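Listed below, chain by chain, are the residues.
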Amino acid sequence: MNTSSLRIGIIGTGAIGGFYGLMLARAGFDVHFLLRSEFDAVSEHGMRIESAVHGTLQMPVQAYADVADMPPCDWLLVGTKTTSNAEMAPIIAKAAASDGKVVLLQNGLGVEKGMRPLLPENLHLLGGLCFICVHREAPGVVRHQALGAVNLGYHSGPAADAVVRQNIAEAGADLFREAGIDSKAMANLAQARWQKLVWNVPYNGLSVVLGGSTTPLMADPQSRELIQALMAEVVEGARSCGHAMPEGYAEQLFSMTEKMPDYWPSMYHDFVQKRPLELASIYAEPLARARKAGCSLPRIEALYQELAFIDRHNR
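Treat the numbers as computed from the prediction; the structure is a model and nothing was measured.

Caption draft 1: Structural view of the packing of aromatic side chains. In this structure the tally under the stated criterion is six aromatic pairs. Here Trp199 and Tyr203 contribute two aromatic rings whose centre-to-centre distance is 4.6 Å and whose plane-to-plane angle is 25°, an arrangement assigned as stacked. Taken as a pair, Trp199 and Tyr203 lie in helix H6 (residues 189-209) at a separation of four residues, close to a single helical turn. Side by side, Trp199 and Tyr203 carry an identical accessibility label, which is buried. Between Tyr268 and Phe271, the ring centres sit 6.3 Å apart and the planes meet at 50°, which makes this aromatic pair tilted.

What follows is the structure, given as structure tokens:
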């Protein structure tokens, strides 16, 4: 692939945007980073990844405080929280080239559906599912503990033909693979998003409610049992909506988490920083879809209500 022929924009240069953006820049892609509070630090010192997998990577980057200063980008990777999607949509529209591909590297269900009417019809919208242990450690500094794969699926846009849509998703996956990152093009984005929820629903929520990272959550018999019960409910919710999980999928994620380094999920960091929690996409939307299909998910409902109370009083 001729990496110099594509221009990639990063909207939301936090842990996710910073990690993938810098990995793509290291691979030779023309990457442009939009920042807000961290612009001065990154402009002066560049960005740094401290990775247990890739070692230390520090580079000067093309950084912008104003989207009006960015060149139009062929691909835009959106790493902001879903809670800010409405305000980010005009920024995305300004940063995108006329046939731009917008990839929402975000958690939960319904994020593309909510973003679609806010974007110009000429832009392609894709979902991106990140399987990674990463967090922002300081301005312009990202700590990467484990994993890193990204799976992409086409959601909507000017590509009507199924083959063309899949080819666009494959082209996006190729970008990540060129940067040394595992990536797959998913034919069924909705299915893939439900699969990601099998991990996100229990570990994100319980990290806040119980104040525990993955290692203590996995070490305690009662929290282990609760995690497995929550995973089973996500699987049941997905099935009720027509998305059957691969055999043993929840067990595979549970086993994978036992082998991971100790990790605080992103929702815990949002809680500590008194940022809005991503409850709508990770909890409310899956619950609503399952309910519409006639499926009750009582443990997830209880966890959602607890998190909503915590979120209201935390902010």
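Caption draft 2: Structural detail: unusual backbone geometry. Residues other than glycine seldom take positive phi values, yet Leu147 does so here, at roughly 60°. Here Leu147 shows up in strand E9 (residues 141-156). By relative accessible area, which is 39% here, Leu147 ends up partly exposed. A positive phi is found at Lys274, a non-glycine position, where the angle reads about 60°. Here Lys274 is to be found in the loop between helix H10 (266-272) and helix H11 (279-292).

Caption draft 3: Layout of the side chain of Asn151. Within the secondary structure, Asn151 is located in strand E9. Looking at Asn151, its side chain comes within polar contact range of the main-chain nitrogen of Lys184, at 3.3 Å. If we ignore the near neighbours within four places in the chain, the residues touching Asn151 are Gly127, Gly128, Leu129, Phe131, Ser183, Lys184 and Met186.

Caption draft 4: Just the environment of Leu210, in detail. Looking at where Leu210 falls in the secondary structure, it is placed in the loop between H6 and helix H7 (214-219). A residue is classified by how much of its surface remains accessible, and Leu210, at 48% relative accessible area, is partly exposed. Taking C-alpha positions, Leu210 is 9.0 Å from Ser223, a pair spaced 13 residues apart along the chain. The contact partners of Leu210, leaving out residues within four places of it in the chain, are Leu217 and Ser223.

Caption draft 5: Molecular detail of the nonpolar core. Membership of the largest hydrophobic core comes to 41 residues, with the highest contact counts inside it found for Ile8, Tyr20 and Leu24. Considering each element in turn, this core owes the most residues, eight residues, to helix H1 (residues 15-26). Excluding its chain neighbours within four sequence positions, the residues that come into contact with Tyr20 are Leu105, Cys130, Ile132, Gly148, Ala149, Val150, Phe176 and Ile181. Core analysis: the second largest hydrophobic core is formed by 38 residues, Trp194, Ala238, Met245 and Ala250 among them.

Caption draft 6: A look at helix H8 (residues 221-240). If you check H8, its first and last C-alpha atoms are 29 Å apart, about what 20 residues at 1.5 Å a residue would give, namely 28 Å. Of all the residues in H8, the buried ones are Ser223, Ile227, Ala229, Leu230, Met231, Glu233, Val234, Gly237 and Ala238. The elements touched by buried residues of H8 are H6, H7, helix H9 (249-259), H11 and helix H12 (298-314). Put simply, Asp220 is the residue that caps the front of H8, since its side-chain oxygen is 3.0 Å from the backbone nitrogen of Gln222.

Definitions and cut-offs
Per-chain numbering applies: the sequence of each chain, read as written, is numbered from 1 onward. Only residues with pLDDT of at least 70 are given local features in this predicted model, and only at 80 or more are side-chain atom pairs given and counted; all residues enter the totals for whole chains, interfaces and linings. Processing note: side-chain calculations cover all non-hydrogen atoms of the structure and skip hydrogens and water entirely. Stacked, edge-to-face and tilted are the three classes for Phe, Tyr and Trp ring pairs, Trp counted by its six-membered ring, which pair at centre distances within 6.5 Å; planes under 30 degrees apart are stacked, over 60 edge-to-face, the rest tilted. Secondary structure elements follow DSSP: runs of H or I no shorter than four residues count as helices, runs of E no shorter than two count as strands, and numbering proceeds from the N terminus. Using a 1.4 Å probe on the protein chains alone, a residue whose accessible area is under 20% of its type maximum counts as buried, one over 50% counts as exposed, and one in between counts as partly exposed. Residues adjacent in sequence count toward polar contacts only when both atoms are side-chain atoms; beyond that, a polar contact is any pair of N or O atoms within 3.5 Å, and within protein one must be able to donate a hydrogen and the other to accept it. For this analysis, residues touch if any pair of their heavy atoms sits within 4.5 Å. Only buried Ala, Val, Leu, Ile, Met, Phe, Trp, Tyr and Cys residues count toward a nonpolar core, and they belong to the same one when joined by side-chain atoms within 4.5 Å. Multiply 1.5 Å by the residue count of a helix minus one, and that product is the helix's expected span.

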